[in-house]
Amino acid sequence: MKPQTEAELAEMVAGTNGPLRVRGGGTRPIGAPMAGEVLDMSGMSGVVLHEPGALTLVVKAGTPVAEVERVLAAEGQRLPFEPMDHRALLGSDGEPTMGGVVAANVSGPRRVQVGACRDFLLGVRFVDGTGRVLKNGGRVMKNVTGYDLVKLMAGSWGTLGVMTELSFKVLAVPQAEATLVKRGASAAEGVALLSEALGAPYDVSGAAHLEGRTQVRLEGLAGSVAYRVDQLRKGCLAGFDVVEGAESQALWQEVRDVTPFAEAEGDVWRVSVKPSDGPKLSEALDAAGVRHRAIYDWGGGLVWLLVQPGDATAIRPALAAFGGHATLIRGRAQAGVPVFQPELAPVAAISSGLRAKFDPRGIFNPGLMG
Amino acid sequence: MEMPKPDLAVLAKKPQLVKRLLQVLPADAVIHDDAETRAYECDALTAYKCPPMCAVLPSSTQEVSDVLRICHEMGVPVVPRGSGTSLAGGALPTADSVILGVARMNAVLETDYDNRFVRVQTGRTNLSVTGAVEQDDFFYAPDPSSQLACAIAGNIAMNSGGAHCLKYGVTTNNLLGVTLVMMDGTVVEIGGAHLDSGGLDLLGVICGSEGQLGVVTEATLRILRKPEGARPVLMGFDSNEVAGQCVSDIIKAGVLPVAIEFMDRPCIRATEAFAKAGYPDCEALLIVEVEGSDAEIKEQLDLILEIARSHNPVELRESTSAEESAKIWLGRKSAFGAMGQINDYMCLDGTIPVSQLPFVLRRIGEMSKEYGLDVGNVFHAGDGNMHPLILFNANKPGDLELCEAFGADILRLCVEVGGCLTGEHGVGIEKRDLMVSQFEPDDLDIQMAVKDVFDPKWLLNPAKVFPLEASRLRRAG
Ligand SMILES: Cc1cc2nc3c(=O)[nH]c(=O)nc-3n(C[C@H](O)[C@H](O)[C@H](O)COP(=O)(O)OP(=O)(O)OC[C@H]3O[C@@H](n4cnc5c(N)ncnc54)[C@H](O)[C@@H]3O)c2cc1C
């Protein structure tokens, strides 16, 4: 199925018994394997509205991320939440779409400063499991009119409805960017430094530690960036080198796309914890004899783990001591190891209750989130 | 505003209910005397009043759970309440309801600077969250003007904003986790000190649900390090169009001020008479605030002032001292009080696309003449969140109704130009019946379906948010 319009999509959904596998660009094959006909959203593409002076962008859900980035760049703007491109890591091809970004709430290193994808999503139109065309939110930045289903749709992995149109808040690309880097720290030391930098009054827009490299990003007006670089180097980031411009950007693209694990063998887990627990989780895995590599973004709070498939059952027990959640991003789900973190019973009851309301026949990506 | 008729069967259960509540709460936490329940008869939308059947003031999540379980078993509606500063009637009781106030639950449970969060009980006031961390130079960013009084509970329920949310976001962008007690007494933990959700983003839908999905008793809030300094600049313009254009040029330029506030002439005049802040007598006034070190502030202001100058301002006033900064903010901060001196007022808070500002202000001016009621505009211009203040005389028969009709017209206009009914105050009862102008019946149905999941009997804050007609069958059970 490849609808060209919202009305056509609604008709298709109403007329089928499913199941349907909702697909944007197909670059993020994450989640439990599913049966079903592909619902290809790439036919519903295009920028509907871009109002630079209001920081607003409205696009159809199948619009390629690359096209959006082009349109925004022409006005000196960007998607502030810096969505990851999963292709290298997952060995997928195709063209990532905005619908896919939102469905997976894909949020990059700038999460620590400005927020996640869900924080920039202002409105959504979608087709529910009965074929109704629905909308929530709008195109303005402040909106508390009725329940916020916009957040609910972000990160719902296509299990609640098929999104057709999305509005975003965008931001201007800052004049300057610089990254402070240092090699040689352990994960615990690195994350402690990140935490100090994030707790300083210098508006850090990226804080990561990967394989012995600790890096902190600053963005803004040129003078301000220079000032903050200076202050941090005089303070908690003494001994850090400075890189700027394209070189700085490359460092963050590597973090954003988890590039070091792209070529490496093994399963990749994405773990979300309290930032200072990141390195502790790695220590707990060591203690449990689980060989792994770890990349820390979000000041330590987002941990990418590379492990051998045989160790899949060890991840969540190690995590249990800390709280947070783990998702299997690359690798095969196996018995007893669901892709998404199992929820406690009362929360799971709410989630499945919501799915039953939005998609009563269970036809959208059934079972993807477990 | 119509409210559902109290359920006589529920009213008849009062003695039994009080007895059961007293089994789980201390005597001083159960208020059931008619003279005393009156204290809870309204929130800050004082035009509507109705004492509840009783009010309870639990001290712990466990007590909240006990109360809800009892009310659930007995089929008694519950209206959660923080500090009662809602401007939308969000905490207005019905005669057959129990007010569940969280004011006694105001402790700070955990402060973690390394991970930049605090965990508090939700009865704690907004300002005192910052108060708990400011000795270490941290702050909690969302800053509603009511922050001295309003509670985190209400902030979460309304997804409240503030003057500085252009840079820092509103409540939902600064909320990491909650402890939620469901209507049947079940306690659930959603989110935590980590930065995203592992499953569906339930936190996102709980925030802003106006007390209709559960009672929030604890919250994990993101805190930030205080900037080194902040400074406002004041600009006066001859026309709303030009001021509006200046706002969008600043936003586009890649400096992100923490606040851009807008006042129109009626509001400037009223505040000048009241607060004598020395504002110029002009058509439109902007206050733009930036943050950072002195040098950073200067760098940003240079850029902003250059943009402002290109729009031929009638006045540009830079602050050079803390006193001057305070003076620039003085008028803005006294605006509500100043309007209140003139007459009773109703404060609206629809949002519009920034580009529609001049048109909407012009239309409001025209409507003001048609209705014969004065209106002043003071608002968060950076994000298009308007605050028209309509003046009326509460003692004059018919004036409130006239004012409400005018307000409704303004809000419908906000929706027509691509905006929404409420940017930060919430729907409550005030905008409940206007929801049909923004949403199709199906759009409302899917929202109500969310409530069906959390609160199948529709006992929590039942006559709010959704038009009574739309929710009638569900409320009937
Ligand atoms: C002078 C003035 C200025 C204001 N300025 C602003 C402003 O700048 N920005 C802004 O956004 N708002 C503003 N407001 C509105 C108001 O202060 C906010 O809506 C505030 O968040 C309400 O908090 P509260 O604790 O008083 O909540 P209440 O009025 O007690 O309740 C508000 C809503 O929250 C629900 N609720 C309360 N406690 C709980 C709980 N524990 N669990 C679940 N639901 C609960 C209630 O049922 C109700 O629906 C202003 C109000 C006044 C009077």
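Criteria and cut-off values
- Residues numbered from 1 in each chain as written.
- Chains lettered and ligands numbered in written order.
- Predicted model: local features only at pLDDT ≥ 70, side-chain atom pairs only at ≥ 80, totals over all residues.
- Heavy atoms only, no water.
- UniProt positions renumbered as here; feature names shortened; annotations may be inferred.
- Domains from an automatic or database assignment.
- Contact = heavy atoms within 4.5 Å.
- Buried area = accessible area lost by both parts, 1.4 Å probe.
- Buried < 20%, exposed > 50% of the residue type's maximum accessible area, 1.4 Å probe, protein only.
- Helix = DSSP H or I, 4+ residues; strand = E, 2+ residues; numbered from the N terminus.
- Arc of directions from axis to C-beta.
- Phe/Tyr/Trp six-rings, centres within 6.5 Å; stacked < 30°, edge-to-face > 60°.
- Lys NZ or Arg CZ within 6 Å of the ring centre and 35° of its normal.

- Per an unreviewed UniProt entry, chain B goes by the name FAD-binding protein and belongs to Thalassobius vesicularis.
- In its Cofactor (unreviewed entry) section, UniProt records this for chain B: "FAD".

- Looking at an unreviewed UniProt entry, one finds chain A named Glycolate oxidase subunit GlcE, with Thalassobius vesicularis as its source organism.

Some remarks on the domain arrangement of chain B
Residue and element names in this part refer to chain B.
Thought 1: Splitting chain B by domain gives domain 1 (8–103), domain 2 (108–225), domain 3 (227–272 + 281–323) and domain 4 (343–434).
Thought 2: In this complex, domain 1 contributes 19 residues to the contact, which on the side of domain 2 involves 20 residues.
Thought 3: Here domain 1 and domain 2 share an interface that buries about 1,400 Å² over both sides, 71% of which is from carbon and sulfur atoms.
Thought 4: It is Thr 61, Leu 68 and Val 102 that lose the most area in domain 1 upon contact with domain 2, and together they represent 33% of the buried surface on that side.

Digging into helix H2 (residues 65–73) of chain A
Residue and element names in this part refer to chain A.
Thought 1: For H2, the set of buried residues is Val 65, Val 68 and Leu 72. All buried residues of H2 project into a common sector of 60 degrees when viewed along the axis, lining one side. Of the exposed residues in H2, the ones pointing more than 90 degrees away from its buried face are Arg 70 and Ala 73.
Thought 2: Each element contacted by the buried residues of H2 is listed here: strand E3 (47–51), strand E4 (56–60), strand E5 (77–78) and helix H4 (98–103).

Some details on the UniProt feature "domain: FAD-binding PCMH-type" (unreviewed entry) in chain A
Thought 1: UniProt records the feature "domain: FAD-binding PCMH-type" (unreviewed entry) at residues 1–173 of chain A, using the numbering of this structure.
Thought 2: Across residues 1–173 of chain A, the secondary structure splits into 24% helix and 24% strand, with the terminal C-alpha atoms separated by 38 Å.

Some thoughts on the packing of aromatic side chains
Thought 1: In this structure the tally under the stated criterion is twelve aromatic pairs over all chains.
Thought 2: Ring geometry for Tyr 202 of chain A versus Tyr 227 of chain A: centroids 6.4 Å apart, planes at 75 degrees, classification edge-to-face. Placement of Tyr 202 of chain A in the loop between helix H8 (187–198) and strand E11 (206–210) and of Tyr 227 of chain A in helix H9 (residues 222–234) is noted, with a sequence separation of 25 residues between them.
Thought 3: According to the relative accessible area criterion, Tyr 202 of chain A is buried, its value standing at 10%.
Thought 4: Aromatic ring contacts, followed pair by pair, group Phe 81, Phe 120 and Phe 168 of chain A into a single cluster.
Thought 5: Its guanidinium or amino end placed over the ring of Trp 252 of chain A, Arg 217 of chain A lies 4.8 Å from that ring's centre, counting from NZ or CZ.
Thought 6: Positioned over the ring face of Trp 458 of chain B is Lys 451 of chain B, at 5.1 Å from the centre of the ring.

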